[in-house]
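Commentary on secondary and tertiary structure
Listed below, chain by chain, are the residues.
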Amino acid sequence: MPRKKMNVRNAHQQKKPMEKKSAKAVDRLLGMKDIVPSEYRYFSAIRNKAASLAELYSFNAIKTPVIENSDLYRKSMRHNNDKELYSVDCEKGENSILRPELTQGILRAYIENNFVELPQPVRLYSIGPVFRREKLQSGRYRESTQFNLEVIGEDKPMAEALLIAAAYNFLLDLQANFQIQINSIGKADCRKDYSTKLNSFYKERGRRSKLCNNCKKDLGKNMMALLDCKEEGCQQVLSEAPQIADFLSEESREHFAKVLEYLDELNIPYNFNPYLVRGLSYYNDTVFEIWPVNEDGAANNKQALAGGGRYDNLVESLGGRPTPSVGIAFGLERVVAKVKEKFELPDFKQEVVFLAQLGDQAKIKSLILFEELRRAGYNVRQSFSTDSLKNQMEEAARLRSKVSLILGKKEVMDETIMLRDMESGVQETVAFKKIKDRLEKKVNRKEGVIYG
Ligand code: AMP
């Protein structure tokens, strides 16, 4: 019987067609960005830096889902534009979207987990991706990473001051060149009168013809949005427009003056920008943005590193109790781009200096000292949100601090500070000016390390 002719081609030969024609490469989607290893180094260090600074300022980490119910965002006005939201196919009847910002998810979690029962304010921070189907522009991605700090349940102007201090020190440590823009947009009533005034201003002397198409559409309907437009023609008209400062109520005026006073006391530079409004959003009273400053010294209003403000009505509008709050969001891709050239790896394992305070003046003074010591390379910790000295000392012990520095009313008046050796319990009074010399002999520090 003739043997059947065997097919001797091996597997490799059989797959020959692969060699002839390679598959078409699939590109990443428009507006998306890869963070490749060489850039990830920066990204990851800055992310760690953000988290450790947030913890130092007494914020607790929270992670909320990337997918949320779209009502959460539609209700809160800021992202009410469906075209900007990525909807997700989930269960039938669920209106799921990819979150366009972190704040609303954090507030939903605050309400749902009954954080209102905790001592207020509740300070939360979160780092994670957000998704917006935006118009494509350089430096604007459809997936970006935000770092948010939220102070929930605090109506005092000190909340804004401490929040801006944390944001300022985060960027200062990264040696970024930046400028803080700040304004007050008052309450809804103030904005109503202001919008009427703006409307008549824009209708005067052919100003309308200089506006971009979007602003022409908003005219008469959404006057605050006109102030947020970055188009050159619109900015030109804006430079002569009436300012909201003239429409603020006594209460809003006093609140804002206090915020600025605290920033002055904390030596935090800012630019009062009478036209900063942060779009049509949920904010009231204080609003702020942080703009990168270019080599030539010009602030770039199109690539803000961060933005935030007071949102006293948002928790209530999402179904919670009235809860005055304030928050800020950084775009980490933009922060990375700004600081990339000056990066050093963090290395921070040291003895702890605990800073305790008693009374308002001592709090302000110790916040300034806190920054000085941290920048000098000390691993300095505090509990500014706690007024009781006993609780602060317990925290110092829990952190196994090497020394505690205690600043009370008497010390503020005498320009001294109490230094307590936490191992021996021995206390000594040190002249305030001499504190760094004294610490040098007691606690180790990392010189020249700015990240950690
Ligand atoms: P917003 O809540 O829109 O003010 O965003 C807060 C910060 O996130 C901004 O100041 C930017 O740094 C950053 N950010 C917002 N949108 C984008 C985007 N499309 N691409 C990159 N970064 C963004």
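Computed from a predicted model, the values in this text were never measured in an experiment. (Residues numbered from 1 in each chain as written. Predicted model: local features only at pLDDT ≥ 70, side-chain atom pairs only at ≥ 80, totals over all residues. Heavy atoms only, no water.)

1. Details of the pairing of strand 5 (residues 122-131)
Regular strands show a simple pattern: their side chains alternate between the two faces of the sheet. Counted residue by residue, strand 5 has 9 buried out of 10 residues, so it is predominantly covered. Pairing geometry for strand 5 and strand 6 (residues 143-152), over 10 bridges, is antiparallel. In the sheet register, Arg 123 faces strand 6, and the bridge partner there is Val 151. (Buried < 20%, exposed > 50% of the residue type's maximum accessible area, 1.4 Å probe, protein only. Helix = DSSP H or I, 4+ residues; strand = E, 2+ residues; numbered from the N terminus. Pairing = 2+ DSSP bridges.)

2. Let's talk about empty space enclosed by the protein
Scanning the model with the defined rule gives 2 cavities of 30 Å³ or more in all. For the largest cavity, the calculated volume is near 70 Å³. Surrounding the largest cavity, Tyr 57, Ser 58, Phe 59, Arg 123, Leu 162, Gln 382, Phe 384 and Ser 385 form its lining. Across the lining of the largest cavity, the residue classes break down as 4 nonpolar, 3 polar and 1 charged. Both domain 1 (37-187 + 249-339) and domain 2 (352-442) contribute no fewer than three residues apiece to the lining of the largest cavity. (1 Å grid on protein atoms, 1.4 Å probe; cavity = no way out; pocket = protein on both sides within 12 Å on 5 of 7 lines; lining within 4 Å. Points joined across faces, edges and corners; volume = space filled by probe spheres on them. Nonpolar A, V, L, I, M, F, W, Y, C, P; charged D, E, K, R; others polar. Domains from an automatic or database assignment.)

3. A few points about the packing of helix 6 (residues 157-173) against helix 11 (residues 250-265)
Packing of helix 6 against helix 11 leaves a shortest axis separation of 8 Å and a crossing angle of 40°. Judged by the twist between their axes, the crossing of helix 6 over helix 11 is right-handed. Of the residues in helix 11, those in contact with Pro 157, Met 158, Glu 160, Ala 161 and Ile 164 of helix 6 are His 255, Lys 258, Val 259, Tyr 262 and Leu 263. Its residues assigned to classes, the contact of helix 6 with helix 11 shows 7 nonpolar, 1 polar and 2 charged. (Axes fitted to C-alpha atoms, helices over the stretch in contact; angles between N-to-C directions. Left-handed = near helix turned anticlockwise from the far one by under 90°. Contact = heavy atoms within 4.5 Å.)

4. Details of the domain arrangement of the chain
For the chain, the assigned domains are domain 1 (37-187 + 249-339) and domain 2 (352-442). Put simply, the middle of domain 1 and the middle of domain 2, counted by C-alpha atoms, are 30 Å apart. Between domain 1 and domain 2, the contact holds 14 residues from the first and 12 residues from the second. When domain 1 packs against domain 2, the two sides together hide about 1,200 Å² of surface, and 59% of this comes from carbon and sulfur. Sorting the residues of domain 1 by area buried against domain 2 places Leu 56, Glu 265 and Leu 266 first, and these three jointly supply 40% of that buried surface. Applying the counting rule to domain 1 against domain 2 returns 2 salt bridges. Across the pair Asp 173 and Arg 374 runs a salt bridge, and its minimum N-O distance is 2.5 Å. Among the secondary structure elements, those contributing two or more residues to the side of domain 1 that touches domain 2 are helix 3 (37-56), helix 6 and helix 11. Considering each element in turn, the side of domain 1 that touches domain 2 owes the most residues, 5 residues, to helix 6. A class-by-class count of the residues in the side of domain 1 that touches domain 2 yields 8 nonpolar, 2 polar and 4 charged. (Buried area = accessible area lost by both parts, 1.4 Å probe. Salt bridge = Lys/Arg side-chain N within 4 Å of Asp/Glu carboxyl O.)

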